[in-house]
Amino acid sequence: MSSPEQRDEVEMLSLMLLIRRFEERASQQYQAQKIGGFCHLYIGQEAVVVGAIAAIRPEDYLITAYRDHAHALARGTSADACMAELFGKVTGCSRGLGGSMHYFDKARHMYGGHAIVGAHVPLGVGMAFASKYRGEDRVTLCFFGDGAINQGSFHEALNLAALYKLPIIFICENNLFAMGTSVERSTSLQQIVHRAEGYDIPGHVVDGMNFRDVRDQLTEIVNSIRANPHPAFVEIRTYRYRGHSMSDPASYRTKDQLEKYRMDDPITRLRAQLTREGKLTNEQFDAMDKGAKETALASVKFAEESEEPPLEDLYAYTYVSEATVPTAAGAQA
Amino acid sequence: MREITYRLALNEALAEELERDPNVFLMGEEVAQYNGAYKVSQGLLDRFGPQRIIDTPISENGFAGMGVGAAMVGLRPIIEFMTFSFSLVAFDQVVNNAPNMLTMSGGQFNIPITFRGPNGPAHQLGATHSHATECLYANFPGLKICTPATPRDAKGLLKTAVRDDNPVLVLESELLYSSKGPVEPIEQELLIPLGQAELKREGRDVTIICYAQTVPLALAAAEALEEEEISAEVLDLRSIKPLDLPAILTSVAKTHRVVVVEQDRPYCGIGAEICFRIQNDIFDELDAPIARVSQEDVPMPYNERLEQAVLPSAEKLIAAVKKICYA
């Protein structure tokens, strides 16, 4: 593949920093009980979605599961709109009606934010079907966790995508645990990527702690799909530093395992690569990190000061306007 | 007016909407090469091609979910379930993804999808294949549900459903596919609004509220009752959701007696909701308790005699009418 601009890599590092600082703030606000419901943090996995974003166009489709804050931020949804959603405010990316697990941003082609494990994988296939139906060369990125691969909907979706040769990349963010159940305790195959073989879909393994590996491998796959629509499966090996959700102390795994992954932190790694290559100074990095922290802090202020959705809106989004539905008068032939 | 079958009426509705809007496509098991398990999609593959008439593997959850995803990005899928008993395999897609998306996304994503296929008991299909699902789906805000009983309603409601910007379930009936009835000439656009009941027969003494498969038996009962000098009004709901409450109240205020005859089971069935609405809004208009005729509350037996004992019938309906008319 062609070598990307240096500026782009620095920008991507900056995005990873924003995601991490945003999530740290979200964690703090959750503990302060400003955020309700569930809250699943992405800290440790930043290189996955940012690497993927670096490989696609703005108009490509993206859909994911409930650990979705980073995916919206990576697509360009503002930290303000993301934090306001956690606070349940009307300025949130889903008007405060979706919450942490249901982020949507239509303008930026972020199609959610889906909280029933595996249930959105067929939706991703439907989006890819629509691109092929219209003869577009868009690619759909469909993210899910290692917990989703044992759901029936996942298997049906892979078969359908292969059968219809749809332009979709199934991205399994393998962070080794489905909530508290490890892959070895949940999945008959230990190499998740082998699941793709059963559907005659090409499979790839990617190092999810390495931004460049994610970006480069996905770029190659995306190019191949644009040239000739087909599904692909990517197992991205990653790790979440935090528990499954805020209420999970993650006692099912060892400190040693966590430390091992922390030593391989995706932000530290990309920073070191760029610094070594003379593309980033310590001062630049510190300024970016400071900026990310400020943006995250400002988003808390924005969320706090935003309005709640009006009570009058309670029924406003159950059905879309009747305007397009034929009226009684118009229908009586 | 010409008379056509319920099956052909649905076929015409599909063809006309496919012709009108290139974003409309039909997907489901056996819809293309086999021409439909019940031949509703007969000839559509030849006319519209494999891009728009799409056979699927037996993966209800998968292809129902594909429909929802395609609808999120602007297509208008028609998803056929070979029977709504099989839609239960896709329940999560129908009740969780399709109707929740608009709210969850703060109004950004409506899902203009039509789920259609036969619903309700047919004939000796046993417990797994005989479900009347309307009461299940009616409990989920965001869905619309219609239950055509005649060829004309089948055509007009299906066309409206395809044009609606919300998820709509068109609950057809296997037992009605071959029934015939008058339908406007093909050149004439036929759209019937959702949420509008129709008086299928006028009467003075009692209102029989019915829908789908219970409409023909309500009409048969009304005819028999006429001979006993009980004049029954037959109100076909046509849509379960939205419910045409004004039409119900108008008829009840006229006859002061009501029997609801439903094709689902009694516990939390459609009739329970209608009874509540009537007594809540016009209690003083009632001259007798509201009666209900429904299935028995048991899994459907295969044996024909027992199956008939489970189902609502004209005889059971006549008995219920007589009881509340003190006849």
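Residues numbered from 1 in each chain as written. Chains lettered and ligands numbered in written order. Predicted model: local features only at pLDDT ≥ 70, side-chain atom pairs only at ≥ 80, totals over all residues. Heavy atoms only, no water.

**Concerning the domain arrangement of chain B**
Residues and elements named next belong to chain B.
Next up, step 1: Considered domain by domain, chain B is made up of domain 1 (3–182) and domain 2 (198–324).
Next up, step 2: Computed from C-alpha coordinates alone, the two centres of domain 1 and domain 2 are separated by 26 Å.
Next up, step 3: Taken together, the 32 residues of domain 1 in the interface contact 27 residues of domain 2.
Next up, step 4: Of the roughly 2200 Å² buried between domain 1 and domain 2, counting both surfaces, carbon and sulfur atoms make up 52%. (Domains from an automatic or database assignment. Contact = heavy atoms within 4.5 Å. Buried area = accessible area lost by both parts, 1.4 Å probe.)

**Topic: helix α8 (residues 211–227) of chain A**
Next up, step 1: Helix length check: α8 of chain A (17 residues) gives 24 Å between terminal C-alpha atoms against 24 Å at 1.5 Å per residue, within 8%.
Next up, step 2: Backbone nitrogen of Arg212 of chain A and a side-chain oxygen of the N-cap are separated by 3.1 Å at the start of α8 of chain A; the cap is Asn210 of chain A. (Helix = DSSP H or I, 4+ residues; strand = E, 2+ residues; numbered from the N terminus. Expected span 1.5 Å × (residues − 1). Polar contact = N/O pair within 3.5 Å; in protein donor to acceptor, adjacent residues only side chain to side chain.)

**What to know about the packing of aromatic side chains**
Next up, step 1: Applying the stated criterion to the full structure yields 19 aromatic pairs over all chains.
Next up, step 2: Relative to Tyr177 of chain B, the ring of Tyr6 of chain B lies with its centre 5.9 Å away and its plane at 65°, an arrangement referred to as edge-to-face. Placement of the pair is Tyr6 of chain B in helix α1 (residues 6–20) and Tyr177 of chain B in the loop between β7 (168–172) and β8 (180–182), with a sequence separation of 171 residues.
Next up, step 3: For Tyr177 of chain B, a relative accessible area of 1% translates into the label buried.
Next up, step 4: Ring centres 5.7 Å apart and planes at 10° place the aromatic pair Phe81 of chain B and Phe115 of chain B in the stacked group. Taken together, the residues Phe81 of chain B in the loop between β4 (76–80) and α4 (84–87) and Phe115 of chain B in strand β5 (residues 114–118) connect sequence positions 34 residues apart. Judged on exposure class, the residue Phe81 of chain B and its partner Phe115 of chain B are both buried.
Next up, step 5: The rings of Phe63, Phe81, Phe84, Phe91, Phe115, Tyr137 and Phe140 of chain B are connected pair by pair, giving a single aromatic cluster.
Next up, step 6: Note that Arg271 of chain A overlies the ring of Phe285 of chain A, its terminal NZ or CZ placed 3.9 Å from the centroid.
Next up, step 7: Directly above the aromatic system of Tyr34 of chain B lies the positively charged group of Lys39 of chain B, at a separation of 4.3 Å from the ring centroid. (Phe/Tyr/Trp six-rings, centres within 6.5 Å; stacked < 30°, edge-to-face > 60°. Buried < 20%, exposed > 50% of the residue type's maximum accessible area, 1.4 Å probe, protein only. Lys NZ or Arg CZ within 6 Å of the ring centre and 35° of its normal.)

**Let's talk about the packing of helix α10 (residues 245–255) of chain B against helix α11 (residues 270–282) of chain B**
Residue and element names in this part refer to chain B.
Next up, step 1: At a minimum axis separation of 11 Å, α10 and α11 run at an interaxial angle of 65°. In the packing of α10 onto α11, the handedness of the crossing is right-handed. Here α10 contributes Leu245, Ile248, Leu249, Val252 and Ala253 to the contact with α11, which in turn contributes Ile274, Arg277, Ile278, Asp281 and Ile282.
Next up, step 2: Residue composition of the contact of α10 with α11, grouped by class: 8 nonpolar, no polar and 2 charged. (Axes fitted to C-alpha atoms, helices over the stretch in contact; angles between N-to-C directions. Left-handed = near helix turned anticlockwise from the far one by under 90°. Nonpolar A, V, L, I, M, F, W, Y, C, P; charged D, E, K, R; others polar.)

**Structural notes on the sheet that holds strand β13 (residues 258–261) of chain B**
Residue and element names in this part refer to chain B.
Next up, step 1: Judged by pairing direction, the sheet is mixed, and its 5 strands sit side by side in the order β9-β11-β10-β13-β14 without closing on themselves. On the outer flanks of this sheet lie β9 (198–201) and β14 (291–293), each paired with one strand and no other. Taken over all neighbouring pairs, the strand axes of this sheet differ in orientation by 25° on average, direction set aside. (Pairing = 2+ DSSP bridges.)

**Regarding the side chain of Arg116 of chain B**
All names here are of chain B.
Next up, step 1: Here Arg116 shows up in strand β5.
Next up, step 2: Reaching out from Arg116, the side chain makes a polar contact with the side chain of Glu80 at a distance of 2.7 Å.
Next up, step 3: Contact partners of Arg116, with chain neighbours within four places excluded, come to Leu14, Leu26, Val40, Ile78, Ile79, Glu80, Phe81, Phe84, Leu158, Val170, Glu172 and Tyr177.

**Examining the sheet that holds strand β3 (residues 140–145) of chain A**
Residues and elements named next belong to chain A.
Next up, step 1: On the basis of which strands lie adjacent, the open sheet formed by 6 strands has the order β2-β1-β3-β4-β8-β7 and parallel pairing. The strands lining the two open edges of the sheet, one partner per strand, are β2 (110–113) and β7 (203–207). Each neighbouring strand pair of the sheet contributes to a mean axis angle of 15°, computed without reference to strand direction.
Next up, step 2: As paired strands, strand β1 (residues 61–64) and β2 are joined by 2 bridges and run parallel to one another. Counted as the bridge partner of Thr64 is Gly113 from β2.

**Observations concerning the interface of chain B and chain A**
Next up, step 1: Of the residues lining the interface, 57 residues belong to chain B; the matching set on chain A comes to 44 residues.
Next up, step 2: Where chain B abuts chain A, roughly 4000 Å² becomes buried across the two surfaces, and 64% of that area is made up of carbon and sulfur atoms.
Next up, step 3: Area buried by chain B at its contact with chain A is led by Met66, Val73 and Met104 of chain B, which between them contribute 16% of it.
Next up, step 4: Where chain B meets chain A, there are 17 residue pairs in polar contact (both at pLDDT 80 or more).
Next up, step 5: Elements supplying a minimum of two residues to the side of chain B that touches chain A: β2 (24–28), β3 (53–55), α3 (60–72), α5 (91–97), α6 (101–104) and α8 (151–163) of chain B.
Next up, step 6: Class assignment of the residues belonging to the side of chain B that touches chain A gives a composition of 22 nonpolar, 23 polar and 12 charged.

**Describing the pattern of salt bridges**
Next up, step 1: Using the criterion set out here, one finds 49 salt bridges over all chains in the structure.
Next up, step 2: Here Asp313 of chain A and Arg95 of chain A are joined by a salt bridge, their closest N and O atoms 2.9 Å apart. Here Asp313 of chain A, found in the loop between α11 (282–305) and α12 (328–331), pairs with Arg95 of chain A, found in the loop between α4 (79–86) and β2; they are 218 residues apart in sequence, far enough to count as distant.
Next up, step 3: Notably, a salt bridge pairs Glu202 of chain B with Lys254 of chain B, separated by 3.7 Å at the nearest N-O pair. Here Glu202 of chain B is found in the loop between β9 and β10 (206–210), whereas its partner Lys254 of chain B is found in helix α10, with 52 residues between them in sequence.
Next up, step 4: Among the charged side chains, a salt-bridge network with shared partners connects Arg2, Glu12, Glu16, Glu17, Arg20, Lys155, Lys159, Arg163 and Glu189 of chain B. (Salt bridge = Lys/Arg side-chain N within 4 Å of Asp/Glu carboxyl O.)

**Let's talk about the nonpolar core**
Next up, step 1: Membership of the largest hydrophobic core comes to 81 residues, with the highest contact counts inside it found for Phe129, Phe144, Phe170 and Phe233 of chain A together with Phe115 of chain B.
Next up, step 2: Both of domain 1 (3–182) and domain 2 (198–324) of chain B provide at least three residues apiece to this core.
Next up, step 3: The residues touching Phe115 of chain B, leaving out its near neighbours within four places in the chain, are Ala64, Val68, Ile79, Phe81, Phe84, Val94, Ala98, Val168, Leu169 and Val170 of chain B.
Next up, step 4: In terms of nonpolar packing, the next biggest core, distinct from the first, is built from 63 residues, Val50, Ile53, Ile171 and Val300 of chain A among them. (Core = buried A, V, L, I, M, F, W, Y, C linked by side-chain atoms within 4.5 Å.)

**Points about the side chain of His109 of chain A**
Next up, step 1: Structurally, His109 of chain A can be placed in the loop between α4 and β2.
Next up, step 2: Non-local contacts of His109 of chain A, meaning those with residues more than four positions away in its chain, are made with Pro58, Glu59, Asp60, Tyr61, Leu62, Arg75 and Arg138 of chain A.

**Description of the state of the cysteines**
Next up, step 1: Per the counting criterion, the structure on display carries 0 disulfides over all chains.
Next up, step 2: Its sulfur unpaired, Cys172 of chain A is 11 Å from the next cysteine sulfur, which belongs to Cys142 of chain A.
Next up, step 3: Cys210 of chain B takes part in no disulfide bond, and the closest cysteine sulfur, belonging to Cys275 of chain B, lies 14 Å away. (Disulfide = S-S within 2.5 Å.)

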